[in-house]
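Here is what each chain is made of, one letter per residue.
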Amino acid sequence: MVCSEIIAGIKNIFGTFEALSVTQAYTDEIHIKVSPGLFKDTCLALHKMLSSSVYMLFASDERRARGIFTINCVFGNLKQGQWIIISIDIPQDEAYFDSLAKTIYSASLFEREIWEMFGIQPKGSPDLRRLRLHNEVWPKGNYPLRKDFQKLQAGDLGDYEFDRVEGDGVFEVPVGPVHAGIIGPGHFRFSVAGEPIINLETRLGFTHRGVEKLFEGQSCIEAIRLAECVSGDASFAHSLAFTQAAEKISGIFIPKQAVYLRAIFLELERMYNHVNDIGGMAVDVGFSFPSAYASVIKEALLKLNDLLTASRYLKKVNTVGGVLKSLDENKKQILLDSLKRIENDFNELVKILYSSVSFMDRIDTTGALRRKTAEGLGVVGLIARASGIPADLREYFSTIYKEARFKIATEESGDVLARLKLRIAEFKESIRLIEVFVGKLADDKEINVNPEFKEGRALGYVEGWRGPVLYWMEIDTAGLIQRCKVVDPSFLNWQGLSYAVLGNIIPDFPLCNKSFDLSYSGGDL
Amino acid sequence: MLQILKNRILKGILTRRIELESSRVIGDADLSVRRAGSELRSLIRKKFGRSLHIRQVDTGSCGACESEIISANNPIYDLQRFGVNFVASPRHADALLVTGPVSKNMLIALNKTYEAMPEPKFVIACGDCALGCGPFKDSYYVCGAVKDILPVVLHIPGCPPNPLQIILSLIAFLK
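Throughout this document, residue positions are counted from 1 along each chain, in the order its sequence is written. Chains carry letters from A onward and ligands carry numbers from 1 onward, assigned in written order. Reporting of local features is limited, given that this is a predicted model, to residues whose pLDDT is at least 70; pairs of side-chain atoms are given and counted only at 80 or more, and all residues count toward the totals for whole chains, interfaces and linings.

Asker: I tried to follow the overall build of chain A on my own but got confused; where do I start?
Answerer: Only DSSP runs of H or I reaching four residues or more are called helices, and only runs of E reaching two or more are called strands; each is numbered from the N terminus. Per the secondary structure count, chain A includes 19 helices and 15 strands. A radius of gyration in this sense is built from C-alpha atoms; the matching globule rule multiplies 2.2 Å by the number of residues raised to 0.38. Over its C-alpha atoms chain A spans a radius of gyration of 23 Å, differing by no more than 12% from the 24 Å that the globule rule assigns to 525 residues. Projecting the C-alpha coordinates of chain A onto the three principal axes gives extents of approximately 70 × 65 × 50 Å. By the burial criterion, 53% of the 525 residues in chain A qualify as buried. A residue pair is marked as a contact if its C-beta atoms, positioned from the backbone, fall within 7 Å. In chain A, 67% of the contacts between residues at least 6 apart in sequence involve partners at least 24 apart. Burial is judged by counting the other C-beta atoms within 10 Å of a residue's own C-beta: 20 or more makes it buried, 12 or fewer makes it exposed, and any count in between marks it as partly exposed, with every C-beta position built from the backbone.

Asker: Explain the nonpolar core here, please?
Answerer: Proteins that are soluble and globular tend to have nonpolar side chains buried together. With 202 residues, the main nonpolar core has A:Ala241, A:Ile297, A:Leu301, A:Leu470, A:Met473 and B:Val98 as its most contacted residues. If you tally residues by element for this core, the top one is helix α8 (residues 256-284) of chain A, at 14 residues. Setting aside anything within four residues of it in sequence, one finds A:Met473 in contact with A:Ala245, A:Ala246, A:Ile249, A:Arg457, A:Ala458, A:Gly460, A:Ile481 and A:Cys484. Take the buried Ala, Val, Leu, Ile, Met, Phe, Trp, Tyr and Cys residues, join any whose C-beta atoms are within 7 Å, and the set you get is a nonpolar core.

Asker: Looking at this model, I keep getting lost on the sheet that holds strand β1 (residues 52-58) of chain B. Mind explaining?
Answerer: Strand pairing in a sheet is mediated by backbone hydrogen bonds. Such pairs are either parallel or antiparallel. Residues and elements named next belong to chain B. Paired strands, in this sense, are two strands between which DSSP finds at least two bridges. Spatially, β2-β1-β3-β5-β7 is the arrangement adopted by the 5 strands of the open sheet, whose pairing is parallel. Of all the strands in the sheet, the pair left with one neighbour each is β2 (84-86) and β7 (152-156). Strand-to-strand twist of the sheet, defined as the mean angle between neighbouring strand axes without regard to direction, takes the value 30 degrees. For β1 and β2, the ladder comprises 3 bridges, and the chain directions are parallel. Each residue of the ladder has a partner; that of Leu52, found in β2, is Val84. To get an axis, a line is fitted to the C-alpha atoms, and for a helix only the part in contact is used. The angle between two axes follows their N-to-C directions and goes from 0 to 180 degrees.

Asker: Explain the interface of chain B and chain A here, please?
Answerer: By a widespread convention, an interface's size corresponds to the accessible area lost as its parts come together. Listed as interface residues are 45 residues of chain B and, on the opposing side, 56 residues of chain A. Counting residues per element, the ones that place at least two in the side of chain B that touches chain A are α1 (2-11), α3 (21-24), β1, α5 (64-72) and α6 (107-116) of chain B. Residue classes in the side of chain B that touches chain A are distributed as 23 nonpolar, 18 polar and 4 charged. Nonpolar residues are Ala, Val, Leu, Ile, Met, Phe, Trp, Tyr, Cys and Pro. Charged residues are Asp, Glu, Lys and Arg, and all others, Gly as well, are polar.

Asker: Looking at this model, I keep getting lost on helix α7 (residues 235-250) of chain A. Mind explaining?
Answerer: What sets the pattern is the α-helix's 3.6 residues per turn: residues three or four places apart point alike. Residues and elements named next belong to chain A. Counted at 1.5 Å a residue, the expected span for α7 with its 16 residues is 22 Å, and the 23 Å between its end C-alpha atoms agrees. For α7, the buried fraction is high: 15 of the 16 residues fall into the buried class. Where α7 terminates, the next one or two residues include Gly251, which has phi positive at roughly 65 degrees. Here the expected length of a helix is defined as 1.5 Å per residue gap, with one fewer gap than residues.

Asker: Please clarify how the sheet that holds strand β14 (residues 468-475) of chain A should be interpreted in this entry.
Answerer: All names here are of chain A. Ordered by their spatial adjacency, 3 strands build an open sheet running β13-β14-β15, and the pairing between neighbours is antiparallel. Here the strands that pair on one side only, and so sit at the sheet edges, are β13 (456-463) and β15 (481-487). Pairs of neighbouring strands in the sheet enclose a mean axial angle of 15 degrees, with direction left out of account. Relative to β14, β13 runs antiparallel, the two sharing 8 bridges. Bridge assignment links Gly460 to a residue of β14, and that residue is Tyr471.

Asker: What's the story with the domain arrangement of chain A in this structure? I'm lost.
Answerer: Under the domain assignment used here, chain A contains domain 1 (3-123), domain 2 (170-203) and domain 3 (211-366 + 402-407 + 416-488). What counts as a domain boundary in this text is fixed by an automatic or database domain assignment. Computed from C-alpha atoms alone, the centre-to-centre distance between domain 1 of chain A and domain 2 of chain A is 35 Å.

Shown next as structure tokens:
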């Protein structure tokens, strides 16, 4: 879709429409600037026209240069491989904008984030509780992502208000932040009457480390290491989204060889995590044999990563301009041989799971997230696909995946079984894709180019194993990062979990949770 | 059930031989794991009676350290056979294993977990972030490394430390 078609589409929905500027910044990005008064209507029109949820909504502090804050809202026009970014300027002394949350629910979390981080008020928002800066430890009036934030100023502390469910026999079960297993911290508050869960409220932010602020002022090359530590089990996806944003801004074209290598590593990351989750689901129903079996396969994949790249978690592989690790003939052979063995073992694992009637009975219809709810919440990635939403960036944005005839996998029922089936299907598809990509690797080609940085802003995106990892970057003339907004799929998908568990019993919560397998640190930043 | 039995018999005991098809080719640290393990076991026997119980707390790690600690419990490394157990409650623990830089939000929870442990107790910091905050140094929301908050007696370096490193660090410490 070109700019004019989009404008015509918006005009169709609400008659007259004047944009301040419309630019096709890159082939896959259209930037539309409107006046603050039109922001809400424009977003609503695009939301309807593209039937896209809000993928990103974030602010940027440009007071030093222009005396304004900007608000940017990102919609995906997936079918045509495009991102549409609506932006407004707001003067610094009138720091508010019209809230979208009442009409587009998927904007809700983002608005709360903007409010706590920048102190820009979404006017008319139904919920302005803080997400990450917990009231108990962070005084009011401190907005860390403002550029002039230096030191914490003393102020009032407060408490967090949980949603309350009241009535006869309703009681609350608080769990966390420290859980029984070896896992990240988060607080879950269940309201139950008898066994079934009536309401689940997740309070996160415990692993908040201020990642977005840390990015600012760093050079792109050194900041890759930070991107790798945003979510440790998706370190390659994060570094890839980061480097793609930097490359797009600077107009760097990476060698074809590096494109294939990146895809191979991305699929390897997907494989070890999917098999880990399948094992995790078995653990959570007390089915220990397949979980042990899955952990052996995971270990084999981690060792394979180690052998190919000298890092079990694919760290220090990516760089701006390409990759640092290549695969020679010997390594290619090892990779292909290992994949064959892993595939055999994986097929056995699937057989074990599918042939256990009690296991299948336990996961069938458990933790169902219906398509309508999923769409409303703006859930993304694997969780959305399990509920029947065909959204996979690999299908729509990547030419090499198109070449390899990538088939998007979806399920309809949205329950734990659907997510299990999807993980199995994606694992097998990943093996096939890696084999195709390895076949396309050529010998002795360059795998990276020397980057020269330019000023600009762009969106980097990757379909990681959980879903789309998005990086919005702004680089200044010196090549330093001015703003880096990170959205890990976990951020949006945590809400999906709150709805999926409704009506299920608390003992099934770990199972539902594992089938989502979200990252605490990715969501908390 | 038949599937399980078939695979159980076909695969044999992975822990000792480490011969699941997929792990065969990719050279292995089997011998070193076993050697390190038996040493660890004798040390634990000497110093802790029979076993060492560990409670893990994540105070802001990226999740990679957790993944490796879980891997140390998989059938290949099988930390349990050397007498090291990960427990669900701090009340059962001899040691606290902390990963990640300490986020402001986790400070209270970390202190409470430590207080809930019975004496004698000690703290282990796992990973580079727990050691010196790693890339999160100087963040507005990080209180500091674990050693700034609790008395840390053992550091396990690495980003993340692999399972064998975790085992070897424990041995070096117990000596």
